[in-house]
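# Topology and contacts: notes
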Amino acid sequence: MNVVWILVSCLVCFGVSSDGLSGNGTSRPAVVNVGAIFTFDSTIGRVAKIAIQEAVKDVNCNSSVLQGTKLVVKLQNSNCSGFLGMVGALKFMETDVVAVIGPRSSVVAHTISHVANELQVPFLSFAATDPTLSSLQFPYFLRTTQSNLYQMTAIAEIVEYYGWKEVIAIFVDDDYRRNGVSALDDTLASRRCRISYKAGISPGATVTRGDIMDVLVKVALMESRVIVLHAYPTIGFMILSVAHYLGMMGDGYVWISTDWLTGVLDSSSPLPQDTMDTMQGVLVLRQHTPDSENKSAFSSRWNKLTGGLLGINSYALHAYDTVWLVAHAIDSLF
């Protein structure tokens, strides 16, 4: 069953009928409201906000979708907080929204998914990649991007290809990244490889270079020189900077970064030269998005929208497609 029909099923369970609310009308409503919860001021959030707004314009200009019904997306900023995400979700539940796009963060998604289950409102996340966000546990949570399991499998295949048997995982110690490292551990084990040392770093703004240095000194004493970095930009760049200072980025070391780094490179380039210097030699993963005429046209329009100051990344494309998915699901329901 594809995602559109899963969403249609969720909308039916939610009680959305042909009048767009919970009534028994036979005509299409003038307006259908959809919510959106994610962090606006983040690498992913900045591009997602533009992509969602552009997708809404495109849906409403296309007479073959919704056929006269106007799609309205109401935005809420979660500021990467599970509490604010929960509050935003509850506020949406007090209104006539039929679905919610988001959240961006897997940490917030875990919190909100329980609300979605209780209130039976479909949530569609374009960026929550935590592999433990299962549709079996959270039937009203729909992922419109790839699970992090695919990324961890790709890393395990690289490790296996080069004949390495052990890796070190450095990660921000929150639910999302901890679950990602656990998935990596499982995929490595299936290839008779393993994580020999897990270095968790506390999330938050209180982490200092001294904290990072203490962790990396311990890592430098380990036998393995293959390091997987699963972080977010602020801490990730600090880790690479300290590793560069300690001489851990040269010959004899292998650094593999998950796609947080490509998100920054794709949307925020050019980066300062000193930042670029610290990441030289790092192997970076990127989510694949197939080339198409629609992608090419949207990318061209994107450059005009942002004046070339903000690049497009895979999460922007997923956010754009998510709006269209919601529109097609509502249209199918009507």
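Only a predicted model underlies this, so the values are computations on that prediction, with no experimental measurement involved. (Residues numbered from 1 in each chain as written. Predicted model: local features only at pLDDT ≥ 70, side-chain atom pairs only at ≥ 80, totals over all residues. Heavy atoms only, no water.)

### Looking at the confidence of the model for the protein chain
Low pLDDT means the predicted coordinates in that region are not meant to be read closely. Here the protein chain shows a mean pLDDT of 87. Residues at 70 or above account for 91%. Below a pLDDT of 50 lies the segment residues 17–25, which in the model reaches 21 contacts outside its immediate sequence neighbourhood of four places, other chains included. (pLDDT = per-residue confidence, 0-100. Contact = heavy atoms within 4.5 Å.)

### What about helix α9 (residues 260–268)?
The set of residues buried in α9 consists of Trp260, Leu261, Thr262, Gly263, Val264 and Ser267. Of the surrounding elements, those touching the buried residues of α9 are α2 (43–61), β8 (226–230), α8 (233–245), β9 (254–257) and β10 (283–284). (Buried < 20%, exposed > 50% of the residue type's maximum accessible area, 1.4 Å probe, protein only. Helix = DSSP H or I, 4+ residues; strand = E, 2+ residues; numbered from the N terminus.)

### What about the environment of Tyr320?
Inspection of the secondary structure puts Tyr320 in helix α12 (residues 314–333). In this structure, Tyr320 is in contact with Ala51, Glu54, Ala55, Asp58, Phe298 and Arg301, ignoring residues within four places of it in sequence.

### Description of the pairing of strand β6 (residues 166–172)
Burial runs high along β6: six of the seven residues are buried. Taking the sense of rotation as the criterion, the β-α-β connection linking β6, helix α6 (residues 175–189) and strand β7 (residues 194–201) turns out right-handed. Bridge count between β6 and β8: four bridges; the pairing is parallel. Looking at β8, one finds that Phe171 is bridged to His230. (Right-handed = clockwise from strand over helix to strand, strands pointing away. Pairing = 2+ DSSP bridges.)

### So, the environment of Gln273
Inspection of the secondary structure assignment puts Gln273 in helix α10 (residues 273–278). Note on Gln273: relative accessible area 56%, which makes it exposed. Along the backbone, Gln273 and Ile239 are 34 residues apart, and their C-alpha atoms lie at a distance of 17 Å.

### With respect to the nonpolar core
Of all hydrophobic cores here, the largest spans 38 residues; its most connected members are Ile52, Leu71 and Phe126. Listing elements by their share of this core, those giving two or more residues are β1 (31–38), α2, β2 (70–77), β3 (97–101), α11 (293–306) and α12. Per element, the largest residue contribution to this core is eleven residues, and it comes from α12. Setting aside chain neighbours within four positions, we find Phe126 in contact with Phe38, Ile44, Ala48, Ile52, Ile101, Thr144, Thr145, Tyr315, His318, Ala319 and Thr322. Ile168, Leu216, Ala243 and Met248 belong to the second-largest nonpolar core, a separate cluster that totals 30 residues. (Core = buried A, V, L, I, M, F, W, Y, C linked by side-chain atoms within 4.5 Å.)

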